[in-house]
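# What the coordinates show
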Amino acid sequence: MIDQVSYLELSYWQVALATLLILFNGALSLVLKLGLGRRLLIAASRTTVQLLLVGLVLQKVFALRHWAPVLGLGLAMVLIAGLAAVRRTSRRFPGIWLSSTLSILVSSWVVAGIGLGAIVRVEPWYLPQYAIPFLGMILGNALTGISLGLDRFTEALVQGRDQVELYLALGATRWEAALPAIRQAVRTGMIPILNSMTVAGLVSLPGMMTGQLLAGVPPAQAVKYQIVIMFLIASVTGLGTVGAVLLSYLRLFNRRHQFAYHLMRVT
Amino acid sequence: MTQLLAAHELGRQSPTTGQWLLRNVSLQVDSGDRLALVGPTGSGKSLLLRALALLDPLDCGEVRWRTRAIPDHDVPRYREQVLYLQQRSPVIEGTVAHNLQLPFSLHRRESLTFPRDRTLVLLDDLGKGADFLDSRTENLSGGERQLVAVLRALLVDPAVLLLDEPSAALDRQATSDLERLVDRWQSAGPRERAYLWVSHDPSQAERMAKRTIHLQDGRVVAS
């Protein structure tokens, strides 16, 4: 374990000092008539309020040292991620919410469990200091992959409807008819994490590593953590995207090998 | 004459408005049948063909194949027997050969090899040589693309062909090529072969069909 963690404590006065920078931004917007003042105010307030609230909740959960609040928080995070993934898609069908949430739940919990229990070996397994940031990072990235995958899947099916039905008409099973769209969707969902793994450390330092460096963790240690988390994210994105796309496939292609195009709605 | 395909009281409602798009449609295709399906635009001709190919869920009624109901797992096999050709059947990227081989890439036909010799005979009938197989589909004319789609369907060896206005966008020469192709397929092969041809052109219905089914507002009005 790392014992020489050291960081400079921030007071609320110091945070208030940073607010001046945002005020400067606001002034700039006024002078240049960008019309961003209002939005800037709302965004900055949301950041402040949301993070303060999260801080309070986390403070509480960290202090309790019990598995139940950690699981509860984890569940809430999964639900929010599942819904957020669907909100970013441009086409919907009945069951898309369940497909997304269920696949995020299973993939993130299984992989976070492996990461915490078998790789980092946190004891107890629910130690909130590890469990919550791990789940947070995993979900944040997996939801991007899943929403891209779902979006691509429905897009490919709608744009390629004629081809899907050509396959079916020629005697293809529903699986054969959907496979090209499934492949495209999973590939698309994996692109962001593949990109970030490719340029990790070259373009910018990943967030968790940055945080650990600020907290005084030796770079060699911070790097190891970052590699582990990258692989966890890649694995959840892969599993989650495949899961969400397959569940959607089962909704959109029935047992009679029919493509239920009529279920699709543009948002 | 044996009964191949029988539709009994088919009904389909619009998923959004609940309006009946097809209502109480019953028809029968027997071996050797040459049928035309005519009716005004929006009368449900395409929907009826799609229903016969089991491509859409039905709200009521039933399609039977050789007097038997078709269980879910037999649907792909049924669709090989009763092959539906979309109005603008897509031609996929690549060469003509690539398109004609497409059905043979499916699991169900894995054991079969692409009948190259038969294809060449069919092409010869259309005045095309073996080099046509290597043409890239993006360089084909609309008529040639439609011929490729029909050839692709014929090579699957269906018993019943459901053609949805196959010559709608074709010129006279391409239309007559297509009619000849389907006519030869039907008359030269096993006696069983039958087709149901949707057409908006009465003279084509006259040429190609022995019996005509008239559809209006989703109902059969005369046959």
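Since this is a predicted model, take the numbers as computed values, not measurements.

What follows concerns the interface of chain A and chain B. With 17 residues of chain A at the interface, the matching set in chain B holds 24 residues. No other element matches the six residues that helix α6 (residues 161-169) of chain A contributes to the side of chain A that touches chain B. For the side of chain A that touches chain B, the per-class residue count stands at five nonpolar, seven polar and five charged.

Let us look at the environment of L205 of chain A. Tracing the chain through its elements places L205 of chain A in the loop between α7 (174-199) and α8 (207-214). Judged by the 16 C-beta atoms lying within 10 Å of it, L205 of chain A falls in the partly exposed class.

Let us now look at the pairing of strand β1 (residues 3-13) of chain B. Residue and element names in this part refer to chain B. The pairing of β1 with strand β2 (residues 20-30) spans seven bridges and is antiparallel. If you follow A7 over to β2, its bridge partner there is L27. A loop of six residues connects β1 with β2, the two strands running antiparallel in sequence, and G18 in this loop sits at a positive phi of about 80°. In the sheet, β1 pairs with strand β4 (residues 60-65) via five bridges, with the strands oriented antiparallel. Each bridged residue has a counterpart across the sheet, and for L5 the counterpart in β4 is W65.

Residues and elements named next belong to chain A. For chain A, the assigned domains are domain 1 (1-64) and domain 2 (66-266). Its C-alpha centre places domain 1 at a distance of 29 Å from the equivalent point of domain 2. If you look at the interface, domain 1 gives nine residues, while domain 2 gives 12 residues. Of the residues in the side of domain 1 that touches domain 2, the class split is seven nonpolar, two polar and no charged.

All names here are of chain A. Look at the link from E123 to P124: it is a cis peptide, with omega at -10°. The topology assignment puts P124 in the loop between α4 (96-119) and α5 (128-159). At H257, a residue that is not glycine, the phi angle is positive and equals roughly 60°. Judged by the 24 C-beta atoms lying within 10 Å of it, H257 is buried.

Attention shifts here to the nonpolar core. In this structure, I138 of chain A together with L37, V160 and L162 of chain B are the most contacted members of the largest nonpolar core, which totals 111 residues. The element that contributes the greatest number of residues to this core is α5 of chain A, accounting for 13 residues. Dropping the residues within four chain positions of it, L162 of chain B is found in contact with L49, L52, A53, V82, L83, Y84, L85 and L196 of chain B.

What counts, and where the lines are drawn
Residues numbered from 1 in each chain as written. Chains lettered and ligands numbered in written order. Predicted model: local features only at pLDDT ≥ 70, side-chain atom pairs only at ≥ 80, totals over all residues. Contact = placed C-beta atoms within 7 Å. Helix = DSSP H or I, 4+ residues; strand = E, 2+ residues; numbered from the N terminus. Nonpolar A, V, L, I, M, F, W, Y, C, P; charged D, E, K, R; others polar. Buried ≥ 20, exposed ≤ 12 C-beta atoms within 10 Å, placed from the backbone. Pairing = 2+ DSSP bridges. Domains from an automatic or database assignment. Core = buried A, V, L, I, M, F, W, Y, C linked by C-beta atoms within 7 Å.

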